[in-house]
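These are the residues of each chain, in order.
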Amino acid sequence: MEYRMQLDISGHRLSITAPIKEHVTNKIGKLGRHHDHITSIHVIVSVEKLIQKAEATIHISGGEIFAATEHKDLFAAIDILEGKLDRQLIKHKEKTRGR
């Protein structure tokens, strides 16, 4: 059984180029392996002066998970964001298993 989730990527003061979209899709798309009930993920990448920002909201059964990160390199910010979301999903899954 293949599971599909909706992944929305938007930019604030920034155009979403093909390399950015591909990097977000590859990194954030991997999060589905930790949780079966992700319905959608909304990722916003933005730039303010010299700071690149990435934030995401994950809609899962039983709630939402949010994370945000800043870095001087956008691709590094996306990598850090994926790590934060990954840890939060694992924590959420362990919490719901105990119920």
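Look up a bit, the structure's there.
About the thresholds
- Residues numbered from 1 in each chain as written.
- Predicted model: local features only at pLDDT ≥ 70, side-chain atom pairs only at ≥ 80, totals over all residues.
- Heavy atoms only, no water.
- Pairing = 2+ DSSP bridges.
- Helix = DSSP H or I, 4+ residues; strand = E, 2+ residues; numbered from the N terminus.
- Axes fitted to C-alpha atoms, helices over the stretch in contact; angles between N-to-C directions.
- Contact = heavy atoms within 4.5 Å.
- Core = buried A, V, L, I, M, F, W, Y, C linked by side-chain atoms within 4.5 Å.
- Buried < 20%, exposed > 50% of the residue type's maximum accessible area, 1.4 Å probe, protein only.
- Expected span 1.5 Å × (residues − 1).

Visitor: What's the story with the sheet that holds strand 3 (residues 51–60) in this structure? I'm lost.
Guide: Spatially, the 4 strands line up as an open sheet ordered 1-2-3-4, and their pairing is mixed. In the strand order of this sheet, the two ends are held by strand 1 (6–12) and strand 4 (63–71), each with one partner. For this sheet, the mean angle separating the axes of adjacent strands, direction not counted, is 15°. Sheet strands touched by helix 1 (residues 18–29): strand 1 and strand 2 (38–48). Its angle to strand 1, the strand with the most contacts, is close to 140°. Along the sheet, helix 2 (residues 74–97) makes contact with strand 2, strand 3 and strand 4, crossing strand 4 at roughly 150°.

Visitor: Quick question: what am I supposed to make of the nonpolar core here?
Guide: For soluble globular proteins, nonpolar side chains are generally found buried alongside one another. Core analysis: the biggest nonpolar cluster contains 20 residues, and Ile-28, Ile-58 and Leu-85 have the highest contact counts within it. The leading source of residues in this core is helix 2, at 6 residues. For Ile-28, the residues in contact, after removing those within four places along its chain, are Met-5, Leu-7, Ile-41, Val-43, Leu-81, Glu-82 and Leu-85.

Visitor: Even after reading the chapter, I still don't get helix 2, so can you show me in this structure?
Guide: Because each turn of an α-helix spans 3.6 residues, side chains separated by three or four positions in sequence point in the same direction. Along its 24 residues, helix 2 runs 35 Å from first to last C-alpha, staying within 8% of the 34 Å computed at 1.5 Å per residue. Three or more residues of helix 2 are buried, namely Leu-74, Ala-76, Ala-77, Ile-78, Leu-81, Glu-82, Gly-83, Leu-85, Asp-86, Leu-89 and His-92. Looking at the buried side of helix 2, the elements it contacts are helix 1, strand 2, strand 3 and strand 4.

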